[in-house]
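One-letter residues, chain by chain:
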Amino acid sequence: MKFPFVAIDVFRRIRFSVFQRHWLVALAIFSLTSFVNAAEFDWKAGISREIITPETQVWLAGYGSRRPPDGKLHELWMKALAIEDNAGHRAVLITSDFQGVPRSMSDRVFAQLKDRYQLERHQVMFTFSHNHCGPRLGDDLIDYYVVDDEQEQLVAEYTDKMVTRTVKLVGDALAKLAPANLQMGQGKSTFAVNRRNNREADVPDLLAKGIPLQGPVDHAVPVLTVTRPDGKLDAVLFGYACHPTTLSFKTWCGDYPGFAQLQIEQHYPGTTAMFVNTCGGDQNPLPRRTVELCEKYGQMLADAVEEVLEQTESLQPISAGLKTAFELVDLPYLKVITREELAGLVDNQNAILARWAVRMLKKLDAGDTFEAAYPYPIHAWQLGHEMLVIGMGAETVVDYALRFKSEFGPGTWVCGYSDDMISYIPSRRVWEEGGYEGGSRLYEYGRPAYRWSGDIEDRIAATVHKLVKQVRE
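In short, a report on the structure. (Residues numbered from 1 in each chain as written. Predicted model: local features only at pLDDT ≥ 70, side-chain atom pairs only at ≥ 80, totals over all residues. Heavy atoms only, no water.)

Considerations on the environment of T225
As a reminder, the rule being used: Per the convention used, a helix needs a DSSP run of H or I reaching at least four residues, while a strand needs a run of E reaching at least two, with both numbered from the N terminus. Partly exposed describes any residue whose relative accessible area lies between the buried limit of under 20% and the exposed limit of over 50%, with all areas from a 1.4 Å probe on protein chains only and scaled to the type maximum. We call two residues in contact when some of their heavy atoms are within 4.5 Å.
When you line up the elements, T225 lands in strand β7 (residues 220-227). Overall, the relative accessible area of 2% leaves T225 in the buried class. Sequence spacing of T225 and I318 is 93 residues, and the spatial spacing of their C-alpha atoms is 9.9 Å. Contact partners of T225, with chain neighbours within four places excluded, come to N181, L182, Q183, L233, A235, L309 and L315.

Observations regarding the packing of helix α9 (residues 398-408) against helix α12 (residues 456-472)
This is how the line gets drawn: Lines are fitted to the C-alpha atoms to define the axes, a helix being fitted only along its stretch in contact, and any angle between axes, read from their N-to-C directions, falls within 0 to 180 degrees. Left-handed is the label given to a crossing in which the near helix is rotated counterclockwise from the far helix by less than a right angle, and right-handed is the label when the rotation is clockwise. Side-chain classes follow a simple rule in which Ala, Val, Leu, Ile, Met, Phe, Trp, Tyr, Cys and Pro form the nonpolar group, Asp, Glu, Lys and Arg form the charged group, and the remainder, Gly included, forms the polar group.
Running from N to C, α9 and α12 cross one another at 35°; their axes reach a closest spacing of 12 Å. Once α9 is placed against α12, the crossing between them reads as right-handed. Each of Y400, R403, F404, E407 and F408 in α9 lies in contact with α12, whose residues at this interface are I456, E457, I460, A461, V464, H465, V468 and R472. Along the lines of polarity and charge, the residues of the contact of α9 with α12 split into 8 nonpolar, 1 polar and 4 charged.

Details of the packing of aromatic side chains
The criterion, for reference: Pairing of aromatic side chains requires ring centres within 6.5 Å, counting the rings of Phe and Tyr and the six-membered ring of Trp. Pairs whose planes differ by under 30 degrees are stacked, by over 60 edge-to-face, and all others tilted. Counting as a charge over the ring demands two things of the Lys NZ or Arg CZ atom: a distance within 6 Å of the ring centre and an angle within 35 degrees of the ring normal.
Counted according to the given criterion, the structure contains 15 aromatic pairs. Three or more aromatic residues joined by ring pairs make a cluster, and in this case those are F191, F238, Y240, Y256, F275 and Y297. Positioned over the ring face of W77 is R49, at 4.1 Å from the centre of the ring. Above the face of the W431 ring, R451 is positioned so that its terminal group lies 4.2 Å from the ring centre.

Some points on the side chain of R228
Its location among the elements puts R228 in the loop between β7 and β8 (233-240). Relative accessible area serves as the criterion here: at 13%, R228 is assigned to the buried category. In contact with R228, other than residues within four places in its own chain, are A45, G46, I47, K176, A178, P179, A180 and D234.

Points about the nonpolar core
The cut-off we apply is this: To form a nonpolar core, buried Ala, Val, Leu, Ile, Met, Phe, Trp, Tyr and Cys residues must be joined to one another through side-chain atoms within 4.5 Å.
Grouped together as the largest cluster of nonpolar side chains are 82 residues, with contacts concentrated most on F98, F126, F238, Y240, Y256, L301 and L342. Ranked by residues supplied to this core, first place goes to helix α3 (residues 149-175) with 10 residues. The next biggest cluster of nonpolar side chains, apart from the first, holds 32 residues, and it includes Y376, Y400, F404 and I422.

Any functional reading would require information that these geometric values do not contain.
Written out as structure tokens, the structure is:
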């Protein structure tokens, strides 16, 4: 028996109406669930990464006068973590396997990020691991190298590419902002040695005999995790205070931080591992000089991070709220070099000193003048009530981390090697002791003086306290 046409039409209407009601109810439940789930999270986070291994014969940065690459152990990386609190405040932390990012590069990045993404300087921290198996950038440590026009062109082209790639990296991280939980913890690793107080040649014997090493160290391994609503560990940010100078060859490699990040990413598939050098200006991995030791230290650091990750009950959630502050504080030189002094150095047996003198004289001949101080970058970021990040330029010695962690309490991260590779930044103690990190070696970094003024720690500390007060109000 066939249904009349009208009956079929009525049946279709009833069936569609029921389906429509169920669909609308389902949509409403899904939307409400999504809203509730989003409301459960105080943060959004976005992570991105870019390979930065040079494809040309750009030299390796760091010690040594001629540093052409001869191969690759693993890729070099630049990574970004963007965070946003539930009030819409944003910040971006960039980590990289660079030896040093000069102001001539980072200022270009900051300007483009402001123009393209409306990110102010206080919202972006550009860190570099200080890896000595990474590439040259711009005019960083320019007087170290016996360069020619071809090499300078390669460095300029690579630096331009890295500016573009950094801006893209940040944009990608911002585009991936999504609900996340942030948690923090702390581990410990003990391979860093105060190189000012322990001769490198003596360290293996001292360790074998169980004789305590001398000098201040910071063996803390701070850890920040980014976890998604489904429980996936999306990113791990961790730090350590030590020079990445285990290796002194000419092969692209991230040194111990590179191996540590690789291990974490292998053990936690799909997770991005990110490293910051805290305040390792006077700390070395000792003993050193072999790939085996480099892998060992990377494993030790990764093991410390993974121990924190496995002890989930010890991870502290970071509550809502983000405040960021930034300032450039002038650090004065003890005495600015004169033309007469430079003229007497052009034939010096110290090749770096002679190249510096020639270059500085050319600047004076071109009408330039030497400033009496250098603008030093300092950041303070407060995440919730639990985490304070202090970012400082260049090669800060360990005293700064120990001081500020003591003054500002648990949850304080003190990161050197941020924004600008200026020189060593000695504490007052190190300045008075002199030596490589505190003495008359500013010329190696192209500064127009031999030494900093003795009061730079006081100036830095006063600015840090001012910025921390701003973000904790």
